[in-house]
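A closer look at the structure
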Amino acid sequence: MSWLNFFEPKMKLKHSFGRGINADLSENEEEEFNKSYEAFEAKDILKGYEYFFKSLENYSNGTSNKNIITTHEADRLNFEIFQGSAKISGTITKENLYAEAILTKKSSANVALKRLILERNYQLTYTYYFSDDEYIKLKLFLDNITMNPQKVFFPLREIALNADFDKEYTKSEFLDIPIEDTEHLSAMNESELQLKYDFLHRWIDESTAKISTLPSNDNAAMQSFILLYLIFKIDYLLVPKYGIFQKSSKKVQEYFSDENATVEAKNEELRVYINKLKEMDFEEFKTNFYNAKYTFNPLEKTSQEEIEVFITESLAKIRWYKNNRYNQVIPTIYNYVALYILYNYGLHVVLKNLLHTLVEIQDPDFFTSLGYTPLYSKENSTFAKRAIISRIDEIIAPHQNRFKLLKPFGEKLNFTSLNEFSNSFYLQIKNLNFEEI
């Protein structure tokens with residue numbers, strides 16, 4: 001029996017990973033949402049908002065993250081919503097809701113930023129930018145006459161996500177323009193930043209070495225998997241903000257959207273960008289990180305069917321590489337699949353936690369360095385089998401009352417090798433049943 005089997009199986013993350021909300025919603029989230037609906041129908045507007053905000057509050061290890069703060073004042077409800085770099089402040093009366101988020105000082109904005117802000121106003125549905133005597137702000141106004149939780153969710157989500165994105169974009173693209181109202185952000189521990197910096201360099205070197213082992217002819221697609229996997233890995237595990245996030249996102253978007261460029265040209269673009277990351281010194285690197293609270297997920301929910309299709313197509317590609325004896329790229333593609341899904345799709349919490357577990361198994365060195373108990377030993381090619389099975393049970397069990405056909409699958413996994421394990425894990429992910437009976 002491996003010593004790995006004695007490790008604690010519980011999934012208690014001490015760090016944030018990926019772009020979604022790295023926290024748990026209240027156990028009463030659905031109940032609070034329903035109470036909100038009832039209060040709005042009864043025209044008890046302030047109580048409706050109060051229940052609604054409670055349904056959006058999230059928790060870490062049972063403690064509120066205070067991502068939403070409300071205060072009562074006579075016949076009004078004041079609130080603050082935190083979303084990364086943005087703080088949305090607002091006031092609600094029986095008649096209306098008003099909310100705003102500060103971008104920068106009016107006196108700091110140059111012509112290029114002002115032009116961008118005007119363009120943004122044409123892109124937004126519920127919100128728009130304006131300036132008062134001191135600041136440029138993103139603003140939201142809602143009439144409460146026929147309000148319900150659905151009607152308020154999407155406007156608040158729009159102001160939160162766009163205020164956060166635009167502040168990050170401004171900081172990375174307009175270096176001389178300071179963003180304002182960021183006192184709620186906290187600095188990341190320097191030792192953790194150094195660890196992330198060291199792993200960035202290690203992963204770049206590993207990717208460069210792997211590319212050098214590829215066949216000299218017809219290797220463009222294999223290079224793409226390696227380079228894109230590296231960028232997805234940096235994004236999910238290191239979670240950079242500001243310039244690194246903005247530029248990485250742009251490179252990924254260009255790769256998948258530019259139909260005129262060759263794969264070789266796209267790879268070269270990725271390679272040039274990755275080399276720039278490697279040349280970045282630690283002082284510049286650490287300015288791209290902060291700790292923050294989040295309320296809304298940036299990705300729209302994806303259907304299970306769409307995820308099934310992606311996994312099926314990806315496993316077919318792996319079979320092709322295996323049949324043609326391009327074995328050196330196969331582990332990379334197995335790792336790429338999970339990170340691609342986590343990067344591109346809005347996932348149910350069950351699927352998100354399961355894929356995170358797979359990432360944790362596939363990259364034990366990084367998680368061990370952060371203080372997590374390893375679920376896989378590279379040196380011995382040994383799995384913490386009991387811990388993995390228990391983790392899967394703990395992820396799925398709380399949701400079985402709602403999804404009666406959702407079953408734990410740890411006992412069905414193939415533990416003979418990491419490749420076989422990953423393959424069997426994806427097959428089980430495909431078979432998850434989220435039907436409500």
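Attention in this report is confined to the structure presented alongside it.

**With respect to the overall build of the chain**
Secondary structure summary: the chain contains 15 helices and eleven strands in total. In summary, the chain has a C-alpha radius of gyration of 23 Å against a globular reference of 22 Å for 437 residues, a match within 12%. Buried residues in the chain amount to 51% of all 437 residues. Taking as baseline every contact in the chain between residues at least 6 positions apart, the subset at least 24 positions apart corresponds to 72%. Across the chain, the mean location of the 52 positive side-chain charges is 2 Å away from that of the 63 negative side-chain charges.

**Considerations on the sheet that holds strand β3 (residues 63-64)**
Strand order in the open sheet formed by three strands is β1-β2-β3, and the pairing between neighbours is antiparallel. Each edge of the open sheet carries a strand with a single partner, namely β1 (24-25) and β3. Taken together, the two bridges between strand β2 (residues 58-60) and β3 define a ladder with antiparallel strand orientation. By the bridge assignment for β3, serine 60 is matched with threonine 63.

**As for the packing of aromatic side chains**
In total, this model carries 41 aromatic pairs according to the counting rule given. Measuring from ring centre to ring centre gives 6.4 Å for phenylalanine 17 and tyrosine 372, while their planes differ by 55°; the resulting arrangement is tilted. Of this pair, phenylalanine 17 sits in the segment before β1 while tyrosine 372 sits in the loop between α13 (364-369) and β10 (376-377); the two residues are 355 residues apart in sequence, bridging distant segments of the chain. Summarising the aromatic geometry, the rings of phenylalanine 232 and tyrosine 336 are spaced 5.7 Å apart at their centres and angled 45° between planes, so their arrangement reads as tilted. With phenylalanine 232 in helix α6 (residues 220-238) and tyrosine 336 in helix α11 (residues 330-344), this pair connects stretches of sequence that are 104 residues apart. Taken together, the ring pairs connect Phe225, Phe232, Tyr255, Phe256, Phe310, Trp320, Tyr321, Tyr326, Tyr336, Tyr340, Tyr343 and Tyr345 into an aromatic cluster. One cation-aromatic arrangement involves lysine 139 over phenylalanine 130; the distance from NZ or CZ to the ring centre is 4.7 Å. We note lysine 171 situated over the ring of tyrosine 242; from NZ or CZ to the ring centre the distance is 5.1 Å.

**So, the nonpolar core**
Among soluble globular proteins, nonpolar side chains are generally buried collectively. Counting residues in each nonpolar core, the largest one holds 88 residues, and the members touching the most others are Leu354 and Phe366. Leave out the neighbours within four places in its chain, and leucine 354 touches Ile392, Ile395, Ile396, Phe409, Phe425, Ile429 and Leu432. By size, the runner-up hydrophobic cluster in this structure holds 37 residues, among which are Ile45, Ala86, Leu113 and Met147.

**Let's talk about empty space enclosed by the protein**
Evaluation of the coordinates by the stated rule reveals one cavity of 30 Å³ or more. In this structure, the largest cavity encloses a volume near 40 Å³. Residue lining of the largest cavity: Tyr229, Lys233, Leu237, Asn335, Leu339, Val359, Gln362 and Asp363, and that is the complete set. Here the lining of the largest cavity gets three residues from one element, more than from any other, and that element is α6.

**A word on the pairing of strand β9 (residues 135-143)**
Successive side chains on a regular strand alternate, one facing one side of the sheet and the next facing the other. In terms of burial, β9 is largely enclosed, as seven of its nine residues are buried. Of the pairings in the sheet, the one linking strand β8 (residues 127-131) to β9 comprises five bridges and is antiparallel in character. Among the inter-strand pairings, phenylalanine 130 is bridged to a residue of β9, identified as lysine 137. The turn joining β8 and β9, which pair antiparallel and follow one another in sequence, is formed by three residues.

**A look at the layout of surface pockets**
Space inside the second largest pocket adds up to approximately 400 Å³. Lys210, Tyr229, Lys233, Asn335 and Lys378 are, among the 21 residues lining the second largest pocket, the residues nearest its centre. Broken down by secondary-structure element, the contributors of at least two residues to the lining of the second largest pocket are α5 (190-212), α6, α11 and α15 (418-430). The element that contributes the greatest number of residues to the lining of the second largest pocket is α5, accounting for five residues. Here the lining of the second largest pocket is built from residues that sort into seven nonpolar, seven polar and seven charged.

**Brief notes about the pairing of strand β6 (residues 86-92)**
Taking burial as the measure, the seven residues of β6 include five buried ones, the bulk of the element. Here strand β5 (residues 76-83) pairs with β6 via seven bridges, running antiparallel. The partner of isoleucine 81 across the bridge, within β6, is isoleucine 88. Linking β5 back to β6 in an antiparallel pair, the connection comprises two residues, with glycine 84 at a positive phi of about 60°. In this sheet, strand β7 (residues 96-105) lies alongside β6 in antiparallel orientation, the contact comprising four bridges. When the sheet's bridge partners are listed, isoleucine 92 is paired in β7 with leucine 97.

**A look at helix α1 (residues 29-41)**
The end-to-end C-alpha distance of α1 is 19 Å, a good match for the 18 Å that 13 residues give at a rise of 1.5 Å each. Among the residues of α1, Glu32, Ser36, Ala39 and Phe40 are the ones counted as buried. Within α1, the buried residues cover an arc of 95° as seen down the axis, which keeps them to one side. Those residues of α1 that are exposed and aimed more than 90 degrees away from the buried face are Glu30, Glu38 and Glu41. The secondary structure elements touched by the buried residues of α1 are α2 (45-56) and α4 (149-173).

**Some remarks on helix α10 (residues 304-323)**
Think of an α-helix as 3.6 residues a turn; residues three or four steps apart then line up on the same face. Helix length check: α10, at 20 residues, gives a terminal C-alpha distance of 29 Å against a target of 28 Å (1.5 Å per residue), a fit within 8%. Burial in α10 covers these residues: Gln304, Ile307, Phe310, Ile311, Ser314, Leu315, Ile318 and Tyr321. End-on, the buried residues of α10 take up no more than an arc of 130°, which puts them together on one face. Exposed residues lying more than 90 degrees from the buried face of α10 are Glu305 and Asn323. Where the residues of α10 are buried, they touch α6, α11, α12 (349-362) and α15. Arginine 325 lies just past α10 and shows a positive phi near 65°.

So, how was this worked out
- Residues numbered from 1 in each chain as written.
- Predicted model: local features only at pLDDT ≥ 70, side-chain atom pairs only at ≥ 80, totals over all residues.
- Heavy atoms only, no water.
- Helix = DSSP H or I, 4+ residues; strand = E, 2+ residues; numbered from the N terminus.
- Rg over C-alpha atoms; globule rule 2.2 N^0.38 Å.
- Buried < 20%, exposed > 50% of the residue type's maximum accessible area, 1.4 Å probe, protein only.
- Contact = heavy atoms within 4.5 Å.
- Lys, Arg positive; Asp, Glu negative; His and termini not counted.
- Charge placed at Lys NZ, Arg CZ, Asp CG, Glu CD.
- Pairing = 2+ DSSP bridges.
- Phe/Tyr/Trp six-rings, centres within 6.5 Å; stacked < 30°, edge-to-face > 60°.
- Lys NZ or Arg CZ within 6 Å of the ring centre and 35° of its normal.
- Core = buried A, V, L, I, M, F, W, Y, C linked by side-chain atoms within 4.5 Å.
- 1 Å grid on protein atoms, 1.4 Å probe; cavity = no way out; pocket = protein on both sides within 12 Å on 5 of 7 lines; lining within 4 Å.
- Points joined across faces, edges and corners; volume = space filled by probe spheres on them.
- Nonpolar A, V, L, I, M, F, W, Y, C, P; charged D, E, K, R; others polar.
- Expected span 1.5 Å × (residues − 1).
- Arc of directions from axis to C-beta.

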